[in-house]
Structures are given as structure tokens and as C-alpha cells.
Amino acid sequence: MRRNLVPAAIGIFATIMFVAGLFFYRHTDLTKIDQMAKIQQMPSVINVSLTLQYDKPPIYRETYSMKDVNGVSTAQYQIHGFNGKLITITSPPDRNYTVSFFFEKTVQDGIWQIVNTPARGDTSIVYTIKVYQQVNGEHGSRTIAFTDPHYLARQAGHQYAIHLDPQKPTPDLLHLHSTSLADPRYEKLVRDFRTFGPPSFRKKVADAQRMVRAGH
């Protein structure tokens, strides 16, 4: 009799483990599905802007602002003259990838890597880039200020390093190791903002700039 009970006990144990396994994997799958649903419900936000602050007429300030909230893109350009004239061009909200693609371009061009720089080159215009991103419940933001992106990209100078040798207490100043400080990322990013949008949007921006420069 006992020998006959062994296969039955094994069968019962196998059945219990099979049912438990199904429950465990089903519970795990449901947990993953629930987590994915929560992630999908979290807001996705991209907000980037470039502000140019002038210290000489006729333009007082220019601002490019792009935003994407849950796949809905909006864009705005604003120009303010020293004479008080203010022109705002707004691209209405639309469900497209315009801002998302633009943001990816700025990421490739270094928007998360560039840093504040001291005033160099033409200091009559101060450029300020702001970036904010929220995705999957996490977020990050930065604000970077600099002057003359063309100068930074071409003529920012060199950084010199002196390597001291304990065998030679007096360093050889005629053979210093130098590293170029030129960084094209600033100029690329400014160009990204300047060339944003379809031809119709850029035409309106150019028209607004001409009006403010002409003092109309």
C-alpha cells in the first residue's frame, strides 16, 4: 500500500507546484503590466528655450521657446525692441514630433554637456539656454549662460598645463602642453534654435526681426 502512495504523493506535489507556479508568474506579469500602465500615465514633458539679451539697440531681447507635453508640441518666438515694440509668434498646439525631434537634435549637439562660460569675444549679447525634461517619473533641468558662440567655437584660446618633474625643480616653460578650449557645441545649439520650425514659422520670425530692426 505504501508503495502505491508514493506516485500519488509525487503527483499531488507536482500539481501543487504547477498551480503555485502559474499563480506566481501570473502575479508577476500582472505586476509588470500594472507598472507599465503607471509609467504610461505619467506626464512626459520637454521644455527648452534660448534667450538672447542685447545691450545695444534696436533689439532688446529675443526668446525661442519649445515645449512638448504628452506628445503635444507648441513653439513660440518673441522679440522685444528697445523702443518698446513686442512681437510674439506662436505655433498652436499640435500632436506631432516636431519638438521631440528638435530636442533629440539638441541632445546630440550637447545641451546636457555645455557649461556656463565667462564673458568672451563679443559680450554685447548674452545667450541663456534652459532645458527641462520629465519622463518616466524622473526629471532634470539646466540653465547655461555664455557669450559669443562663434568665438567659443573658433577662438576660445588654449589651456596650458605644467608638469613638474622632481628631477628638474625648474619647469621648462618653453615646452608646455596645451589643450584647445574651442567648443563648437555652443554655436551648434544656437543654430538649432535659430533654424527651428517649418519655413512658414521661420519666415514670420525673420519678418518680426526686420520690423524691430527697422523701428516700425
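Let me begin by describing the structure that accompanies this report. All values reported here derive from a predicted model rather than from experimental measurement.

## So, the overall build of the protein
For step 1, the next point in the chain: Along its length, the protein carries five helices and eight strands.
For step 2, the next point in the chain: Each helix (α) and strand (β) of the protein, taken in turn from the N terminus, gives the series α-β-β-β-β-α-β-β-α-β-β-α-α.
For step 3, the next point in the chain: Counting over 216 residues, the protein shows a buried share of 27%.
For step 4, the next point in the chain: Pairs at least 24 apart in sequence give 56% of the contacts found in the protein among residues at least 6 apart.
For step 5, the next point in the chain: By element, 58% of the accessible surface of the protein is carried by carbon and sulfur atoms, the whole surface being about 14600 Å².

## As for the environment of Thr98
For step 1, the next point in the chain: For Thr98, the location among the structural elements is in helix α2 (residues 98–108).
For step 2, the next point in the chain: Assessed through its relative accessible area of 36%, Thr98 is described here as partly exposed.
For step 3, the next point in the chain: Spatially, the C-alpha atom of Thr98 lies 9.5 Å from that of Gly71, the residues being 27 residues apart in sequence.
For step 4, the next point in the chain: Those residues in contact with Thr98 that sit more than four places away from it in its chain are Ser73 and Phe196.

## Examining helix α4 (residues 185–194)
For step 1, the next point in the chain: Looking only at α4, the buried set comprises Tyr186, Glu187, Leu189, Val190, Asp192 and Phe193.
For step 2, the next point in the chain: Summarising the contacts, the buried residues of α4 are in contact with β1 (45–54), β2 (59–69), α2, β5 (125–135), β6 (138–147) and α3 (149–154).

## Notes on helix α5 (residues 199–214)
For step 1, the next point in the chain: The end-to-end C-alpha separation of α5 is 22 Å, in line with the 22 Å expected for 16 residues at 1.5 Å each.
For step 2, the next point in the chain: Structurally, α5 contributes buried residues whose contacts are with β2, β3 (72–81), β4 (86–95) and α4.
For step 3, the next point in the chain: Phi for Gly215, located one or two positions after α5, is positive at around 75 degrees.

## Description of the nonpolar core
For step 1, the next point in the chain: Counting residues in each nonpolar core, the largest one holds 34 residues, and the members touching the most others are Met66 and Ile129.
For step 2, the next point in the chain: No other element matches the five residues that β1 contributes to this core.
For step 3, the next point in the chain: For Ile129, the contacting residues outside a window of four places in its chain are Ser49, Leu50, Ile111, Ile114, Arg142, Thr143, Ile144, Phe146, Leu189 and Phe193.

## Some words on the side chain of Thr51
For step 1, the next point in the chain: Mapped onto the secondary structure, Thr51 falls in strand β1.
For step 2, the next point in the chain: Within the local environment of Thr51, its side chain forms a polar contact with the side chain of Thr63, the two groups lying 3.5 Å apart.
For step 3, the next point in the chain: If sequence neighbours within four positions are ignored, Thr51 has contacts with Arg61, Glu62, Thr63, Val126, Tyr127 and Thr128.

## Concerning the sheet that holds β2
For step 1, the next point in the chain: Sheet architecture is open: six strands sit in the order β4-β3-β2-β1-β5-β6, paired in antiparallel fashion. Each of the sheet's edge strands pairs with one partner strand only, and the pair in question is β4 and β6. Geometrically, the sheet is characterised by an average inter-axis angle of 5 degrees between neighbouring strands, direction not taken into account.
For step 2, the next point in the chain: The pairing of β2 with β3 spans ten bridges and is classified as antiparallel. What sits directly across from Met66, in β3, is Ala75.

## Considering the pattern of salt bridges
For step 1, the next point in the chain: Taken as a whole and judged by the stated rule, the model has seven salt bridges.
For step 2, the next point in the chain: With a shortest N-O distance of 3.3 Å, Asp192 and Lys105 are connected by a salt bridge. Highlighted residues: Asp192 in helix α4 and Lys105 in helix α2, separated in sequence by 87 residues.
For step 3, the next point in the chain: The shortest N-O distance in the salt bridge between Asp183 and Arg185 comes to 2.8 Å.
For step 4, the next point in the chain: Under the relative-accessibility criterion, Arg185 is labelled partly exposed at 30%.
For step 5, the next point in the chain: What emerges from the salt-bridge pattern is a single network uniting Lys105, Asp109 and Asp192.

## A word on the packing of aromatic side chains
For step 1, the next point in the chain: This model, assessed by the stated rule, comprises eight aromatic pairs.
For step 2, the next point in the chain: Where Phe146 meets Tyr186, the ring centres are 4.9 Å apart and the plane angle is 65 degrees; that geometry is what we call edge-to-face. Remark: Tyr186 occurs in helix α4 and Phe146 occurs in strand β6; sequence separation between them is 40 residues. Each member of the pair Phe146 and Tyr186 is classed as buried.
For step 3, the next point in the chain: Chaining the aromatic ring pairs together yields one cluster made of Phe102, Phe193, Phe196 and Phe201.

How each quantity is defined
- Residues numbered from 1 in each chain as written.
- Predicted model: local features only at pLDDT ≥ 70, side-chain atom pairs only at ≥ 80, totals over all residues.
- Heavy atoms only, no water.
- Helix = DSSP H or I, 4+ residues; strand = E, 2+ residues; numbered from the N terminus.
- Buried < 20%, exposed > 50% of the residue type's maximum accessible area, 1.4 Å probe, protein only.
- Contact = heavy atoms within 4.5 Å.
- Areas by Shrake-Rupley, 256 points an atom, 1.4 Å probe, with all protein chains shown as cover.
- Expected span 1.5 Å × (residues − 1).
- Core = buried A, V, L, I, M, F, W, Y, C linked by side-chain atoms within 4.5 Å.
- Polar contact = N/O pair within 3.5 Å; in protein donor to acceptor, adjacent residues only side chain to side chain.
- Pairing = 2+ DSSP bridges.
- Axes fitted to C-alpha atoms, helices over the stretch in contact; angles between N-to-C directions.
- Salt bridge = Lys/Arg side-chain N within 4 Å of Asp/Glu carboxyl O.
- Phe/Tyr/Trp six-rings, centres within 6.5 Å; stacked < 30°, edge-to-face > 60°.

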